[in-house]
Amino acid sequence: MRIGVCGTGRMGSSIAQRLMAVGHEIGVWNRDITKTEPLTETGAKAFTSPAELVDDCETIIVMLLNDAASEAVYRDPGGILKGTLTGKLVIDMSTVRPDTMQSMGASVSQQGAAFVECPVGGSVGPAREGKLFALVGGEQADVARARPILEQLCRRIEHVGGLGSGATLKLAINLPLLVYWQALGESLTICKPLNLAPGRLIDILSDTAGTPTAMKGRSAFIAKALAGQPPGETAFSLSAAKKDLATAIQFAASFNAELPVTASALACFEEAEAAGFGNADATTISTRWPQRPHAGAKSKI
């Protein structure tokens, strides 16, 4: 099948690699064309606009950073909605507000295409291995059409309702994990007087009831960073994590709900991003907190 991947950042590139590995012809587009080069070097075909990508492919997978990028890539001249969508399938895997997903889905459907939202749990490693967790929203028939592709990308597929449902659940899933990374940083701060070796400390903290499943894959990364060693590849950037926290707060505010713990964590992520850690792994928030300047002083956050 000819599948277009619209947005080739870390996750989009990993998804494209997986699809090529299982035998699909892949087209790619990214606003920064240099981010498509590793894929074109291994057989993907690059396009100069999302509309051209739509015209050439049967199915289009969208993986964009935020709501503003989504609005632009769908609606700008040369955007997805300017392509020939009739009979096509669009699977949007971005993490955006539920209302954004509903709006894009309605616009795509009006042009005769099927639309499924599928934000995913998992980072670049699971994406390359086809082991993501799909949180799907959309019409039953459209989801059934998308399922064969999703089965090649995901270890688990949950159809949780109509458009917007997947986006809602993805925000809910990300929220406690991202808050945990900040809480871990605070935990490490109060452990400083113990002077335990980083690897031993992280091993102890990881073997406790308060530790999320994600620590199984990130504990070694965090221990290396805490020891001042190069930790390894960024799986999910701090800036992307900050965006997800902000999006959850915005969504909650749309129905007059408050997320005070999330708001506090967001302030810490914003501080780290402003200090130049935006492209670092999101877990950098954990190791930066006990090591940042004036860590012993009372925080203003």
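Thresholds applied
- Residues numbered from 1 in each chain as written.
- Predicted model: local features only at pLDDT ≥ 70, side-chain atom pairs only at ≥ 80, totals over all residues.
- Heavy atoms only, no water.
- Salt bridge = Lys/Arg side-chain N within 4 Å of Asp/Glu carboxyl O.
- Helix = DSSP H or I, 4+ residues; strand = E, 2+ residues; numbered from the N terminus.
- Buried < 20%, exposed > 50% of the residue type's maximum accessible area, 1.4 Å probe, protein only.
- Pairing = 2+ DSSP bridges.
- Right-handed = clockwise from strand over helix to strand, strands pointing away.
- Disulfide = S-S within 2.5 Å.
- Core = buried A, V, L, I, M, F, W, Y, C linked by side-chain atoms within 4.5 Å.
- Contact = heavy atoms within 4.5 Å.
- Lys, Arg positive; Asp, Glu negative; His and termini not counted.
- Polar contact = N/O pair within 3.5 Å; in protein donor to acceptor, adjacent residues only side chain to side chain.

Draft legend 1. Highlighting the pattern of salt bridges. Across all of its chains, the model carries eleven salt bridges by this definition. A salt bridge links Arg75 to Glu71, with the shortest nitrogen-to-oxygen separation between them at 3.1 Å. Highlighted residues: Arg75 and Glu71, both in helix H4 (residues 67–75), separated by four residues, approximately one helical turn. A relative accessible area of 33% means that Arg75 is categorised as partly exposed.

Draft legend 2. Quick peek at the pairing of strand E5 (residues 89–92). Across the two faces of E5 the burial is the same, with Leu89 and Ile91 and Val90 and Asp92 all buried. One ladder, built from four bridges, connects strand E4 (residues 59–62) with E5; its direction is parallel. Across the sheet, residue Val62 finds its bridge partner in E5, namely Asp92. After leaving E4, the chain enters H4 and then returns to the sheet as E5, a path that is right-handed. In the sheet, E5 pairs with strand E6 (residues 114–117) via four bridges, with the strands oriented parallel. Across the sheet, the residue bridging to Asp92 is Glu117, located in E6. The parallel pair E5 and E6, bridged by helix H5 (residues 98–110), forms a crossover whose chirality is right-handed.

Draft legend 3. Quick look at the state of the cysteines. Enumeration according to the criterion identifies zero disulfides in this entry. Between Cys118, a cysteine without a disulfide, and Cys154, which holds the nearest cysteine sulfur, the sulfur-to-sulfur distance is 5.0 Å. Exposure remark for Cys118: the relative accessible area of 0% places this residue in the buried category. Cys268 takes part in no disulfide bond, and the closest cysteine sulfur to it belongs to Cys191, at a distance of 17 Å.

Draft legend 4. The nonpolar core, seen in detail. If you look at the biggest cluster of nonpolar residues, it comprises 33 residues, and the most contacted ones within it are Ile15, Leu19, Ile26, Ile61, Ile91 and Met93. In this structure, Met93 is in contact with Ile15, Ile61, Val62, Met63, Cys118, Pro119, Val120, Leu150 and Leu153, ignoring residues within four places of it in sequence. Residues Leu184, Ile202, Leu238 and Ala272 belong to the second largest nonpolar core, which totals 26 residues.

Draft legend 5. Expanded view of the pairing of strand E9 (residues 154–161). Summarising the sheet, strand E8 (residues 132–137) and E9 pair through six bridges and their orientation is parallel. Across the sheet, residue Val136 finds its bridge partner in E9, namely His159.

Draft legend 6. Quick look at the environment of Asp67. Checked against the element boundaries, Asp67 lands in helix H4. By relative accessible area, Asp67 is classed as buried at 10%. Separated by 180 residues in sequence, Asp67 and Thr247 have C-alpha atoms that sit 8.9 Å apart. When neighbours within four sequence positions are excluded, Asp67 is seen to be in contact with Val96, Arg97, Thr100 and Thr247.

Draft legend 7. Focus on the side chain of Lys88. Mapping Lys88 onto the fold places it in the loop between H4 and E5. It turns out Lys88 is buried and unbridged, and the closest side chain with the opposite charge, Asp55, is 5.3 Å from it. A distance of 3.2 Å separates a polar atom in the side chain of Lys88 from the backbone oxygen of Cys57. A polar side-chain atom of Lys88 sits 3.2 Å from the main-chain carbonyl oxygen of Thr84. Once residues lying within four places of it in the same chain are set aside, the contact partners of Lys88 are Val54, Asp55, Cys57, Glu58, Ile60, Ala113, Ala114 and Arg145.

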